[in-house]
Structures are given as structure tokens and as C-alpha cells.
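Architecture and fold: a report
Residue strings, one per chain:
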Amino acid sequence: MNTQVAWLVELRIKDGRRQDLRTLIAEMVHSADANEPGTLDYEWSISPDGTTCHLFERYADSAAAIAHTNTFNARFVDRFLDVLIPIRVTAYGHFSPEARASLAPQGPIFMEPAGGFSR
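These notes cover the structure that comes with them. As the structure is a prediction and not an experimental result, all values here were calculated from the model.

Side note on the sheet that holds strand E2 (residues 39-46)
- Pairing within the open sheet is mixed, and its five strands lie in the order E2-E3-E1-E4-E5. Looking at strand neighbours, the two that pair on one side only are E2 and strand E5 (109-111), the edges of this open sheet. On average, each strand axis in the sheet is inclined to that of its neighbour by 15°, with strand direction left out of account.
- Both E2 and strand E3 (residues 52-59) contribute to a ladder of seven bridges, which runs antiparallel. Pairing of Ser-45 across the sheet is with His-54, part of E3.

As C-alpha cells, then:
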């Protein structure tokens, strides 16, 4: 069984906060890259009109996802919510009960794996 888990976060950028978001993105990307070896993908994308962004995250397993959410909650959650309005979190993969609980405050939709593969 594939142990990887992932989620896609859809967010609205608050008016006048695009530069603050760019600064926050740089810090969050650096933190994940430097400190989270189980983070496989951590990619931000911004819509052409600059009003919406997506954050795609993929982890080696539930433990790596929990490590990331712990860092996010300890270091970034307040600034994140200061510049962004969460719209939706969609989660993919076989999450452990603990990983589900760590993501629960974001109100994710957990999609059940139905077929496919990951390389």
C-alpha cells in the first residue's frame, strides 16, 4: 500500500496582501525544504488575477504530514490566516487517525483512494 498522503489547499488572498503573501511563501518554503525531509512536494500557485492561490502538499507518510502541521501551527498559522482566507482543503491518501486529527482544524474533505499508482 502507498503510504504517501497529500492535500490541496484553496485560498483567497486578502486585498492588498499579495506582497505579504510572497514573503510568507518564501519563509514557509524554506522551512519545509530545510527541516522536513518527509515533505515530497510543497508547491504554491497564484491565479493570474492575484486573488486566489493553491497550495499542494505531498508527504512520504502520515508521520511526515503530522511533523509539517506541527511546524505550521507553531510558526506560521497566525500570519497565514492574516493574509489568506481558506476556502477548501481536499486530502488524498491513507491518513492515520493521528494525521486526520492534525488536519481536522482545517476542515478537510478526505477523498478515499479508489485506484491508480504513484511513482
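Here the narrative resumes.
With respect to the packing of aromatic side chains
- Inspection of every chain in the model, using the stated rule, returns five aromatic pairs.
- Pairing Trp-7 with Phe-95 gives two aromatic rings, centres 6.3 Å apart and planes at 25°, and the pair type is stacked. Of this pair, Trp-7 sits in strand E1 (residues 5-13) while Phe-95 is found in the loop between strand E4 (84-93) and helix H4 (97-103), placing the two residues 88 residues apart along the sequence. The two residues Trp-7 and Phe-95 agree in class, both being buried.
- By the ring-pair criterion, three or more aromatic residues cluster together here, those being Trp-7, Tyr-59, Phe-95 and Phe-110.
- One Lys or Arg, Arg-100, reaches over the ring of Phe-110 and ends 4.2 Å from the middle of that ring.

Some words on the environment of Gln-106
- Take Gln-106: it is sitting in the loop between H4 and E5.
- Residues Gln-106 and Asp-82, spaced 24 residues apart in sequence, show a C-alpha to C-alpha distance of 15 Å.
- Those residues in contact with Gln-106 that lie beyond four places of it in its chain are Phe-72 and Val-89.

Quick word on empty space enclosed by the protein
- Taken as a whole and assessed by the stated rule, the structure comprises one cavity of 30 Å³ or more.
- The calculated volume of the largest cavity comes to roughly 40 Å³.
- Counting only elements with at least two residues in the lining of the largest cavity, the list comes to helix H1 (18-35) and helix H2 (62-75).
- Classifying every residue of the lining of the largest cavity gives five nonpolar, three polar and one charged.

What counts, and where the lines are drawn
Residues numbered from 1 in each chain as written. Predicted model: local features only at pLDDT ≥ 70, side-chain atom pairs only at ≥ 80, totals over all residues. Heavy atoms only, no water. Pairing = 2+ DSSP bridges. Helix = DSSP H or I, 4+ residues; strand = E, 2+ residues; numbered from the N terminus. Axes fitted to C-alpha atoms, helices over the stretch in contact; angles between N-to-C directions. Phe/Tyr/Trp six-rings, centres within 6.5 Å; stacked < 30°, edge-to-face > 60°. Buried < 20%, exposed > 50% of the residue type's maximum accessible area, 1.4 Å probe, protein only. Lys NZ or Arg CZ within 6 Å of the ring centre and 35° of its normal. Contact = heavy atoms within 4.5 Å. 1 Å grid on protein atoms, 1.4 Å probe; cavity = no way out; pocket = protein on both sides within 12 Å on 5 of 7 lines; lining within 4 Å. Points joined across faces, edges and corners; volume = space filled by probe spheres on them. Nonpolar A, V, L, I, M, F, W, Y, C, P; charged D, E, K, R; others polar.

The quantities given are spatial measurements derived from coordinates; they are silent on function.
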